[in-house]
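Fold and geometry: a report
Residue-level listing of the chains:
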Amino acid sequence: MSKTPIPAPPMTMAQLRKRLDETLANGHQPKDLVLRITLRDTALIKRSAVFADDDIRFVDGVMHVLGIPTIVGQVGETSIAAAEPADS
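A brief look at the structure comes next. Going along each chain's sequence as written, the residues are numbered from 1 onward. It should be noted that, the model being predicted, local features are given only for residues of pLDDT at least 70 and side-chain atom pairs only at 80 or more, the latter also being counted only at that level, while totals for whole chains, interfaces and linings use all residues. Only hydrogens and water are set aside when side-chain values are computed; all heavy atoms of the structure are taken into account.

Some details on the pairing of strand S1 (residues 33–37)
Heads up, the condition is: Each residue is assigned to one of three classes by its accessible area relative to the maximum for its type, calculated with a 1.4 Å probe on protein chains only: buried under 20%, partly exposed between the two thresholds, exposed over 50%. Secondary structure elements are defined from DSSP: runs of H or I of at least 4 residues count as helices, runs of E of at least 2 residues count as strands, and each element is numbered from the N terminus. Strand pairing is assigned whenever DSSP identifies at least 2 bridges connecting the two strands.
Most of S1 sits inside the fold, with four of its five residues counted as buried. Pairing between S1 and strand S5 (residues 79–82): four bridges, direction antiparallel. Looking across to S5, one finds that Leu35 is bridged to Ile80. The pairing of S1 with strand S4 (residues 68–72) spans three bridges and is classified as parallel. What sits directly across from Ile37, in S4, is Val72.

Structure (structure tokens):
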């Protein structure tokens, strides 16, 4: 009988901050990215000492982390990706 693989633990807020900082340091612009974030991580970011109050903004009902807009929920794991181009 084979064992069921154990899922990786969720990313810590320090790991998420490091990933976001590295992405921005590599020349990506916040407006060209989207952070797809779990409900759990949304709550943790708001409470985490890793993210200062200035790091989180709400604009037109959208949470921005380090200037990166977020899509909250409907994902199993938080990830950062290129934003989809806006319709012209």
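There is more to say, and it comes next.
Considerations on the environment of Glu84
For Glu84, the position within the fold is in the segment after S5. For the pair formed by Glu84 and Pro69, sequence separation is 15 residues and the distance between their alpha carbons is 12 Å.

Regarding the layout of surface pockets
Rules: Think of a 1 Å grid over the protein atoms and nothing else: a 1.4 Å probe that fits but is trapped marks a cavity, an open set flanked by protein within 12 Å on at least five of seven lines marks a pocket, and residues with an atom within 4 Å of a point count as lining. Grid points are joined across faces, edges and corners, and a volume is the space filled by probe spheres set on the points. Note on residue classes: Ala, Val, Leu, Ile, Met, Phe, Trp, Tyr, Cys and Pro are nonpolar, Asp, Glu, Lys and Arg are charged, and everything else, Gly too, is polar.
Looking at the largest pocket, its volume works out to about 200 Å³. Around the largest pocket sit Ala8, Pro9, Pro10, Met11, Thr38, Arg40, Asp41, Gly76, Glu77 and Thr78, which together line it. Class assignment for the residues of the lining of the largest pocket results in four nonpolar, three polar and three charged.

Some remarks on the side chain of Thr38
The condition is simple: Working rule for contacts: check all heavy atoms of both residues, and any pair within 4.5 Å makes them a contact.
Residue position: Thr38 is located in the loop between S1 and helix H2 (39–47). For Thr38, a relative accessible area of 10% gives the class buried. If we skip the residues at most four places from it in the chain, Thr38 touches Val75, Gly76, Glu77 and Thr78.

Notes on the nonpolar core
Within soluble globular proteins, side chains that are nonpolar generally end up buried alongside one another. Spelled out, the test is: Here, the term nonpolar core denotes a set of buried Ala, Val, Leu, Ile, Met, Phe, Trp, Tyr and Cys residues that are joined through side-chain atoms within 4.5 Å.
Counting residues in hydrophobic clusters, the biggest one holds 14 residues, and the most contacted among them are Leu16, Leu20, Leu35, Ile45, Phe51 and Val65. Put simply, the parts of the chain that give this core at least two residues each are helix H1 (13–25), S1 and strand S3 (62–65). Look past the residues within four positions of Ile45 in its chain and what remains in contact with it is Met13, Leu16, Ile37, Phe51, Ile56, Met63 and Val65.

Describing H1
Filter applied, for reference: Take the residue count of a helix, subtract one, and multiply by 1.5 Å to get its expected span. When we speak of the arc, we mean the arc of directions from the helix axis to the C-beta atoms.
Its 13 residues give H1 an end-to-end C-alpha distance of 18 Å, which sits within 8% of 18 Å, the value for a rise of 1.5 Å per residue. What H1 keeps buried is the set Met13, Leu16, Arg17, Leu20 and Thr23. Along the axis of H1, the buried positions cluster into a sector of 130°, meaning they face one direction only. Residues of H1 that are exposed and angled more than 90 degrees away from the buried face: Lys18 and Ala25. Residues of H1 that are buried in the fold lie against S1, H2, S3, S4 and S5. Positive phi appears at Gly27, one or two residues downstream of H1, with a value of about 100°.

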